[in-house]
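Okay, here's what each chain looks like letter by letter:
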Amino acid sequence: MRAVIEIDHVTKRFGDFVAVNDATFEIGEGEFFSMLGPSGCGKTTTLRMIAGFEQPTQGAIRLEGVDVSRVPPYKRNVNTVFQQYALFPHMSVWDNVAFGPRSRKVPKVETARRVDELLEVVRLTEFAKRRPAQLSGGQQQRVALARALVNFPKALLLDEPLGALDLKLRQVMQFELKRIQREVGITFIYVTHDQEEALTMSDRIAVMNAGDVEQIGTPTSIYDAPETVFVAGFIGQANLWPGRVVNRDGAHAVVVAAGAELLAECRTFDARPSADVTLMVRPERVMVSLDEPAAELSRMRATVRDLTFQGPLVRLTMATPAEEPVVANVGHDADLPLLRPGDPVWVSWSRDAACVLPPADVPLTAAELIEEG
Amino acid sequence: MSAPPAPTALAQDARSSASGLAVLGRGGPPPWLRRAGRIGLAVVAFGTLLYLFIPIVVVVVFSFNEPQGKYNYVWNQFSLDAWTDPFRYEELRDALVFSFQVAAVVTVISAVLGTLMAIAMVKYRFRAKGVIGTILILPLTMPEVVLGFSLLTLFVSVNWARGFVTIVIAQVMFSVSYVATTVRARVRGFDWGLEEAALDLGSPPWRTFLRVTLPLILPGVIAAALLTFALSLDDFIITYLNSGKDTTFPIQVWTTKKSRVPPQINVFSTAILVASIAIALLGVYLTNRRAKKLGA
């Protein structure tokens, strides 16, 4: 895959504040690439540097191999869909979309052809004469998309474009965005704080935290093999226990955590015996039973603390004898009687459900362990 | 530790006074007092309007007067003479034309400078921004005589002949403050994200300003320009001090009033008044139409 955009050791400081810290990665042609992280993680700053609204303090940004770090936004062949759309209120939908080609002195006939074509792609042809204020949120969103795509940019930058829409419309637009991306074949760089959105839409995701790129990979690899405790906690839900390696044999390890000896796999972190680590188990991999589970499984006794009905599954919050919290998402087909807080149960999981991660920078708290990702 | 009794006492006080108010509210003042209040309010309101409009009405009415002698001070009889021959007095006509020329030039210069200042004040952060903001409103609060006289001193000391140019300089000096303050209110509501969007789409900064920023702040600029035009026509003190031998309309009225006050003065004043009202109404109409279109 040919790289369209290269971020080469880019650092951005605002005074003493480091917004982006030595980021290096490449984005390939036709890729749907997401930058994911909580607010203030540096994802929007990175996007604004690619667009040209900010300049890197150090490092280089290359567009198709050419360093554009000091090139102003109006001379870069990338376009942005802004969070609040930023449609020109004094222009019709058609004129909004035509703004790009007109700015670049594209001949009139060609401009008209492109605008009509793009309005068709976003299915707004019959709204061409309307003003932005006369459109719904979803329609405004599609105008912003058409306006940004009409210049045929090398990459389309999207800054939390679905943030202002309600849940139902978001899901429709996620689908629409994917369709349009397939249709035009342009690289999409998508900034979001919504991990579900990133997992659903992206070819690859860069997870960012406090200015650092924590991990880059496909949605599956990031979910199954997170490299840090932050990534594990931010993408999906995770049981995370501090522990210590007692035995290591190739990819397999035995870890003492939550007051028990547990089997685990080392996928991303090379943990030596007696090293401090964090053990991660996804809640949907935790099995809950009344009878003692098979001996080849990692297993612990636990006490039920809380049950939450969540539609397709029930979330069980439990505690080990060592007072470590355990969360399990259990489907309705699980053969369990009506559990109540205080009931004793067994929790278990297979070896490949547990992943060894580096120790957490800060001590984990119970609240963080069960926090929604 | 003993709790001070004060809070309880206070609370009781508040409660009793509240109930006292409630009793008053339920009963209300007696009907005669209410009616007296309504009549009193009407008298004050009507009196205020009268106070504001009588001078204007007098100006308009006396434009239709045929005065006895040279002074249009006493009602004699209805006549259209002054309206059918408004340019009878050459010096009055020349002064009016001169005033319009000055106003046009001052309006253009002030509108451009003031708008740019307003944008700078809102968009950018820079050193001494607060100080500049204060200096900007100084001409609005400083006595005109001080402003006019200090300018005159400057022009005299550099030996610059007073006339059209010095009048324009003097008027621009205070007009810029009005424009900058008026336009700034509009610019504060401008979404700078729109400028970024335009730049992002390949529009260079100057084109972005002409196609996006200016059209959206234009209502504020036009309002400021109209205000400037009116202020320029109207200004006496600063203009008089820096006019040399040139005469604007107000100066002409002032200097001829010793020898003659013809009804033509009232005719011009009435015409300007009607034009101002027409422009104001047009402005309201256009603003409403635009607001509907932009959905703002």
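In this text, all values refer to a predicted model and were calculated from it rather than measured experimentally.

Thresholds, definitions, all that
Residues numbered from 1 in each chain as written. Chains lettered and ligands numbered in written order. Predicted model: local features only at pLDDT ≥ 70, side-chain atom pairs only at ≥ 80, totals over all residues. Heavy atoms only, no water. Helix = DSSP H or I, 4+ residues; strand = E, 2+ residues; numbered from the N terminus. Rg over C-alpha atoms; globule rule 2.2 N^0.38 Å. Areas by Shrake-Rupley, 256 points an atom, 1.4 Å probe, with all protein chains shown as cover. Lys, Arg positive; Asp, Glu negative; His and termini not counted. Charge placed at Lys NZ, Arg CZ, Asp CG, Glu CD. Buried < 20%, exposed > 50% of the residue type's maximum accessible area, 1.4 Å probe, protein only. Contact = heavy atoms within 4.5 Å. Core = buried A, V, L, I, M, F, W, Y, C linked by side-chain atoms within 4.5 Å. Pairing = 2+ DSSP bridges. Axes fitted to C-alpha atoms, helices over the stretch in contact; angles between N-to-C directions. pLDDT = per-residue confidence, 0-100. Patch = residues over 30% accessible without salt bridge, like charges linked within 9 Å, V, L, I, M, F, W, Y side chains within 5 Å. Salt bridge = Lys/Arg side-chain N within 4 Å of Asp/Glu carboxyl O. 1 Å grid on protein atoms, 1.4 Å probe; cavity = no way out; pocket = protein on both sides within 12 Å on 5 of 7 lines; lining within 4 Å. Points joined across faces, edges and corners; volume = space filled by probe spheres on them. Buried area = accessible area lost by both parts, 1.4 Å probe. Polar contact = N/O pair within 3.5 Å; in protein donor to acceptor, adjacent residues only side chain to side chain.

1. What to know about the overall build of chain B
If you tally the helices and strands in chain B, you get twelve helices and zero strands. The helix and strand sequence of chain B, counted from the amino end, reads α-α-α-α-α-α-α-α-α-α-α-α. Its C-alpha atoms give chain B a radius of gyration of 28 Å, more than 25% over the compact-globule value 19 Å for 296 residues. For chain B, the spread of C-alpha atoms along the three principal axes comes to 90 × 65 × 45 Å. Carbon and sulfur atoms form 70% of the exposed surface of chain B, whose accessible area is close to 18,100 Å². Charge-centre separation for chain B: the mean point of 26 positive side chains lies 10 Å from the mean point of 15 negative side chains.

2. Quick look at the overall build of chain A
When helices and strands are counted, chain A shows nine helices and 20 strands. Overall, the C-alpha framework of chain A stretches about 75 × 45 × 35 Å when taken along its three principal axes. Counting only residues that meet the buried cut, chain A has 53% of its 373 residues in that class. A fraction of 67% describes how many contacts in chain A between residues 6 or more apart in sequence connect residues 24 or more apart.

3. Things to note about the nonpolar core
Residues Ile-5, Ile-7, Met-35, Phe-88 and Ile-189 of chain A together with Val-212 of chain B are the most contacted members of the largest nonpolar core, which totals 49 residues. With 34 residues, the next largest nonpolar core counts Leu-156, Leu-158, Leu-165 and Tyr-190 of chain A among its residues.

4. Topic: the sheet that holds strand E6 (residues 78-81) of chain A
Residues and elements named next belong to chain A. What the six strands build is an open sheet, ordered E6-E7-E8-E3-E9-E10; its pairing is mixed. Of all strands in the sheet, those with a lone pairing partner are E6 and strand E10 (212-217), marking the two edges. Between one strand and the next, the sheet's axes are offset by a mean angle of 20°, whatever the strand orientation. Two strands pair when backbone bridges link them, and strand E9 (residues 204-209) and E10 are joined in this way by five bridges, in the antiparallel orientation. Bridge pairing links Met-208 to Val-213 in E10.

5. Brief notes about the confidence of the model for chain B
Residue and element names in this part refer to chain B. Mean pLDDT over chain B stands at 86; residues scoring 70 or higher make up 90%. Across chain B, the element-wise mean pLDDT spans from 46 in helix H1 (residues 6-27) up to 95 in helix H8 (residues 193-200). Across residues 1-23, where pLDDT falls below 50, the model places zero contacts with residues more than four positions away in sequence or in other chains. The ipTM value of the predicted complex is 0.84, and its pTM value is 0.79.

6. Notes on a nonpolar patch on the surface
All names here are of chain B. The grouping of Leu-49, Tyr-51, Leu-52, Phe-53, Ile-56, Val-57, Val-61, Trp-75, Phe-78, Leu-80 and Trp-83 at the surface amounts to a nonpolar patch, some 1,100 Å² of accessible area in total. With seven residues, helix H2 (residues 31-62) is the single largest residue contributor to the nonpolar patch. Turning to its location among the elements, Val-61 is positioned in helix H2.

7. Digging into the pairing of strand E14 (residues 276-281) of chain A
All names here are of chain A. Taking burial as the measure, the six residues of E14 include five buried ones, the bulk of the element. Pairing of E14 with strand E20 (residues 354-357) involves four bridges; the strand directions are antiparallel. Note that in E20 the partner of Thr-278 across the bridge is Leu-357.

8. Re the sheet that holds strand E2 (residues 17-28) of chain A
Residue and element names in this part refer to chain A. Spatial ordering of the open sheet is given by E2-E1-E4-E5, a layout of four strands whose pairing is antiparallel. Every other strand in the sheet has two partners, leaving E2 and strand E5 (66-67) as the edge strands with one partner each. In terms of strand pairing, strand E4 (residues 58-63) meets E5 through two bridges, oriented antiparallel. Residue pairing in the sheet places Leu-63 in a bridge with Val-66 of E5. The sheet strands contacting helix H1 (residues 43-51) are strand E1 (3-14), E2 and E4, and the helix crosses E1 at an angle near 120°.

9. Some remarks on the layout of surface pockets
All names here are of chain B. There is about 1,400 Å³ of room inside the largest pocket. As for the largest pocket, its lining consists of 47 residues, of which Pro-219, Ile-222, Ala-223, Leu-226 and Gly-283 are closest to the centre. Among the secondary structure elements, those contributing two or more residues to the lining of the largest pocket are helix H9 (205-234), helix H11 (249-256) and helix H12 (264-294). Here the lining of the largest pocket gets 17 residues from one element, more than from any other, and that element is H12.

10. A closer look at the pattern of salt bridges
All names here are of chain A. If you walk through the whole model with that rule in mind, you get 28 salt bridges over all chains. In this structure, Lys-154 engages Glu-64 in a salt bridge whose closest nitrogen and oxygen atoms are separated by 4.0 Å. In this pair, Lys-154 is assigned in the loop between helix H4 (137-149) and strand E7 (155-159) and Glu-64 in the loop between E4 and E5, connecting sequence segments 90 residues apart. According to the relative accessible area criterion, Lys-154 is partly exposed, its value standing at 33%. You can call Glu-64 partly exposed: its relative accessible area is 35%. With its nearest N and O atoms 3.3 Å apart, the salt bridge here joins Arg-113 to Glu-110. Here Arg-113 pairs with Glu-110, and both are found in helix H3 (residues 108-121), just three residues apart, close to one helical turn.

11. A short note on the pairing of strand E11 (residues 239-249) of chain A
All names here are of chain A. Of the pairings in the sheet, the one linking E11 to E14 comprises six bridges and is antiparallel in character. Paired with Leu-240 across the two strands is Met-280, which belongs to E14. As judged from the six bridges shared by E11 and strand E12 (residues 252-257), these two strands associate in the antiparallel manner. When the sheet's bridge partners are listed, Asp-249 is paired in E12 with His-252. Linkage of E11 to E12, two consecutive antiparallel strands, is achieved through a turn of two residues, within which Gly-250 is found at a positive phi near 65°.

12. Focus on the interface of chain A and chain B
Across the contact, 25 residues belong to chain A and 20 residues belong to chain B. Roughly 2,000 Å² is buried in total at the junction of chain A and chain B, and carbon and sulfur atoms are behind 64% of that figure. When residues of chain A are sorted by the area they lose upon contact with chain B, Tyr-74, His-90 and Phe-99 of chain A head the list and together hold 29% of the total. With a shortest N-O distance of 2.8 Å, Arg-48 of chain A and Glu-196 of chain B are connected by a salt bridge. If you list the elements that add at least two residues to the side of chain A that touches chain B, you get H1, E6, helix H2 (93-103) and H4 of chain A. For the side of chain A that touches chain B, the element with the highest residue contribution is H2 of chain A, accounting for four residues.

13. Things to note about the side chain of Arg-76 of chain A
Residue and element names in this part refer to chain A. Its location among the elements puts Arg-76 in the loop between E5 and E6. For Arg-76, which is buried and forms no salt bridge, the nearest opposite charge comes from Asp-67, at a distance of 7.2 Å. Here Val-71 takes part through its backbone oxygen, which lies 2.8 Å from a polar atom of the side chain of Arg-76. Among all residues touching Arg-76, those that are not within four sequence positions of it are Met-49, Ile-50, Ala-51, Gly-52, Val-68, Ser-69, Arg-70, Val-71 and Arg-104.

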